[in-house]
Amino acid sequence: MSSSSSKRSCSAGPADGDSNQENVTDRMVQSVLAHDTHAIMEHATGMVRYLDCAATTPVDPRVREEVLLYLDHEFGNAGSRTHDFGRRARNAVEAARDRVAAVVSASRGDVFFTSGATESNNLAILGLEEHGRATGRTHVITSRIEHHAVLEPMTELERRGFDVTWLDPTPGGWIEADAVRDALRPETLLVSIMHVNNETGVLQPVADIAGALGDHPAFFHVDAAQGFGKEVRSLAHKRIDLISVSGHKIHAPKGVGALLLRRRNNERPPVKPLLLGGGQERGLRAGTLPVHQIAGLGKAAELALAEWPMRDRCCRAFRERLLEGLAPLAPVIHGDLERSLPNIVNLSIPGIDADTVMEAWSELVAVSDGAACTSASYTCSHVLSAMRVPEAQMSGALRFSWCHSSELPDLAAMVAAIDG
Ligand SMILES: Cc1ncc(COP(=O)(O)O)c(C=O)c1O
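Residues numbered from 1 in each chain as written. Predicted model: local features only at pLDDT ≥ 70, side-chain atom pairs only at ≥ 80, totals over all residues.

**Student:** Any details on the overall build of the protein chain? Residues and values, ideally.
**Tutor:** Secondary structure summary: the protein chain contains 15 helices and 12 strands in total. Within the protein chain, the fraction of its 420 residues that count as buried is 48%. Considering only residue pairs separated by 6 or more positions, the protein chain has 73% of its internal contacts joining residues 24 or more positions apart. (Helix = DSSP H or I, 4+ residues; strand = E, 2+ residues; numbered from the N terminus. Buried ≥ 20, exposed ≤ 12 C-beta atoms within 10 Å, placed from the backbone. Contact = placed C-beta atoms within 7 Å.)

Structure, rendered in structure tokens:
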């Protein structure tokens, strides 16, 4: 690992004003060659700090190298049986399977590659429909704070005649294990609760929920798009049967992910494929494997597992300095920080709506209000609504999300832009 990013492990220092737009491209190329993710982030955004890592993360240069190897040189089809090009591509896919499995203490055979967490969630939920009908188990449990990639397939199951229990979160933003236990019925087929909420960063007690399910036959699916490789303990719980993973939240490219299907009592969840074709991924997900993307996901998973303590530490330090810097604006935080991953904060500044704040900060920081009330539709965040956040606060909700290589924005300028 020749990376200078490993030396510059945490960087929460404010912008130093050295960014010169004219040389941005040159310096960015040099940064990529030097494996310097800090510099890449800085040059990519000029003086505007990118704090929207829950939407997507920059690709790690070490991942990029792996992707390029299988894009440019080892370009074989992993399905080709007649020559070494195919064999080498297949080996890369199997190595990536091992790397993804290791993050959650699973085995190589548990990993099925997909195009991302949206597809994995659809496959997990709709793929169990046939088994539910065949066994007379047509009740499922989920929560009101899931991502749309779970809410929509659940709504589709409901439309197809399944009974869906929609659990409410606590005001702090998590689903209680007891609420899941109380909702269980003999005919419950599936429980789907996310790992980390994408709007608030609140970590859901998935290990406790797994424990609460005990010997009940219901399958337990966890959408781990936001937490995979960031919080590594709870997903190792053997009672979690299905796990959805997304590459682009852990510094791999967009368009690749995985669904893990763990064996319980020696049997894998009987998920049926949604795509039919050449029988790839043991018949569960047809389509030529994007070897370069899969190799990139594998590399990103390996790095996430090796570096998570450092990354976690950097993100915690960043959060502390961010909240300290914004304290003069008396922000109201949505979601229990004690239970949150350290790379996401959802907050509002009293009396100011999100659009106004983002306009005032447009030269300083790139954050998201996608989770708040959208001025186009006047519909507020389903997550904050379910947490019973007052409407006045919801209309000001902003999501800050960062990663270990993020640089702090100019916090004094941010405060002055609102207060000054
Ligand atoms: C919790 C959660 N689930 C699913 C997804 C969808 O993931 P992908 O972009 O890999 O389809 C996201 C993306 O933001 C997410 O945050």
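**Student:** Go over the sheet that holds strand E4 (residues 163-167), please, and point to the residues and values.
**Tutor:** Taken together, 7 strands build an open sheet; the order of strands is E2-E8-E7-E6-E5-E3-E4 and the sheet is mixed. In the strand order of this sheet, the two ends are held by strand E2 (111-114) and E4, each with one partner. Put simply, the sheet's adjacent strands are angled 20 degrees from each other on average, direction ignored. (Pairing = 2+ DSSP bridges. Axes fitted to C-alpha atoms, helices over the stretch in contact; angles between N-to-C directions.)

**Student:** If you had to explain the site of the ligand to someone new, which residues and values would you point to?
**Tutor:** Taken together, the neighbourhood of the ligand is formed by Gly116, Ala117, Thr118, His147, Ala149, Met194, Asn198, Asp223, Ala225, Gln226, Ser246 and Gly257. Split by residue class, the shell around the ligand holds 4 nonpolar, 7 polar and 1 charged. (Near = placed C-beta within 6 Å. Nonpolar A, V, L, I, M, F, W, Y, C, P; charged D, E, K, R; others polar.)

**Student:** Give a description of the environment of Asp72 that names residues and reports values.
**Tutor:** Note on placement: Asp72 falls in helix H4 (residues 61-73). Note: C-alpha distance between Asp72 and His292 (220 residues apart in sequence) is 9.0 Å.

**Student:** So what's going on with unusual backbone geometry? Which residues, and what values?
**Tutor:** Phi at Glu281 takes a positive value of approximately 50 degrees, unusual for a residue other than glycine. Among the secondary structure elements, Glu281 is positioned in the loop between strand E8 (257-261) and helix H11 (291-326). Judged by C-beta crowding, with 19 C-beta atoms within 10 Å, Glu281 ranks as partly exposed. The backbone of Arg282 sits at a positive phi, close to 50 degrees, despite the residue not being glycine. Along the chain, Arg282 falls in the loop between E8 and H11.

**Student:** Which residues make up the packing of helix H5 (residues 84-103) against H11, and what are the values?
**Tutor:** Interaxial distance between H5 and H11 falls to 8 Å at its minimum, and their mutual angle equals 35 degrees. The handedness of the crossing between H5 and H11 comes out as left-handed. Contacts from Ala89, Ala92, Val93, Ala95, Ala96, Arg99, Val100, Ala102 and Val103 in H5 reach Val291, Ile294, Ala295, Leu297, Gly298, Ala301, Glu302, Ala304 and Leu305 in H11. When the residues that make up the contact of H5 with H11 are grouped by side-chain class, the tally is 15 nonpolar, 1 polar and 2 charged. (Left-handed = near helix turned anticlockwise from the far one by under 90°.)

**Student:** Before we move on, could you go through the environment of Gly79 and cite the residues and values that matter?
**Tutor:** Within the secondary structure layout, Gly79 lies in the loop between H4 and H5. A count of 15 C-beta atoms within 10 Å places Gly79 in the partly exposed class. Once the C-alpha coordinates of Gly79 and Gly279 are considered, the two residues, 200 residues apart in sequence, prove to be 9.9 Å apart. In contact with Gly79, other than residues within four places in its own chain, are Gly86, Gly278, Gln280 and Thr288.

**Student:** Tell me about H11, and name the residues and values.
**Tutor:** Taking 1.5 Å of rise per residue, the 36 residues of H11 would be expected to cover 52 Å, yet its terminal C-alpha atoms sit only 44 Å apart, more than 12% below that figure. Of all the bends in H11, the largest measures some 70 degrees and sits at Glu307, one to four residues before the proline Pro309. (Expected span 1.5 Å × (residues − 1). Bend = angle between axes of the 7 residues up to and from the residue.)

**Student:** Give me the sheet that holds strand E10 (residues 344-348): which residues, what numbers.
**Tutor:** As summarised here, the arrangement of the 3 strands in space is E9-E10-E12, forming an open sheet in which the pairing is antiparallel. Pairing within the sheet leaves two strands with one partner each, and these edge strands are strand E9 (332-334) and strand E12 (398-401). Across the sheet, the axes of successive neighbouring strands diverge by a mean angle of 35 degrees, strand direction being ignored. For E10 and E12, the ladder comprises 4 bridges, and the chain directions are antiparallel.

**Student:** Quick rundown of the environment of Leu398? Include the residues and the values.
**Tutor:** When you line up the elements, Leu398 lands in strand E12. The class of Leu398 is buried, set by 24 C-beta atoms lying within 10 Å. When the C-alpha atoms of Leu398 and Val357 are compared, they prove to be 8.8 Å apart, with 41 residues separating the residues in sequence.

**Student:** Summarise the pairing of E2; cite the residues concerned and give the values.
**Tutor:** Neither face of E2 is left uncovered, since the one carrying Val111 and Phe113 and the one carrying Phe112 and Thr114 both have all their residues buried. Relative to E8, E2 runs antiparallel, the two being bridged by 4 bridges. Its bridge partner being in E8, Thr114 is matched across the sheet by Gly257.

**Student:** Help me get a handle on the packing of H4 against H11, residues and values and all.
**Tutor:** Contact pair H4 / H11: the axes reach a minimum separation of 8 Å and the direction vectors enclose 155 degrees. When the interaxial angle is binned, H4 and H11 end up roughly antiparallel. Between H4 and H11 lies a crossing whose hand is right-handed. Together, Arg62, Val63, Glu66, Val67, Tyr70 and Leu71 of H4 and Val291, His292, Gln293, Ala295, Gly296, Lys299, Ala300 and Leu303 of H11 make up the contact between the two elements. Broken down by class, the residue content of the contact of H4 with H11 amounts to 8 nonpolar, 3 polar and 3 charged. (Parallel < 35°, antiparallel > 145°, perpendicular 65-115°, else oblique.)

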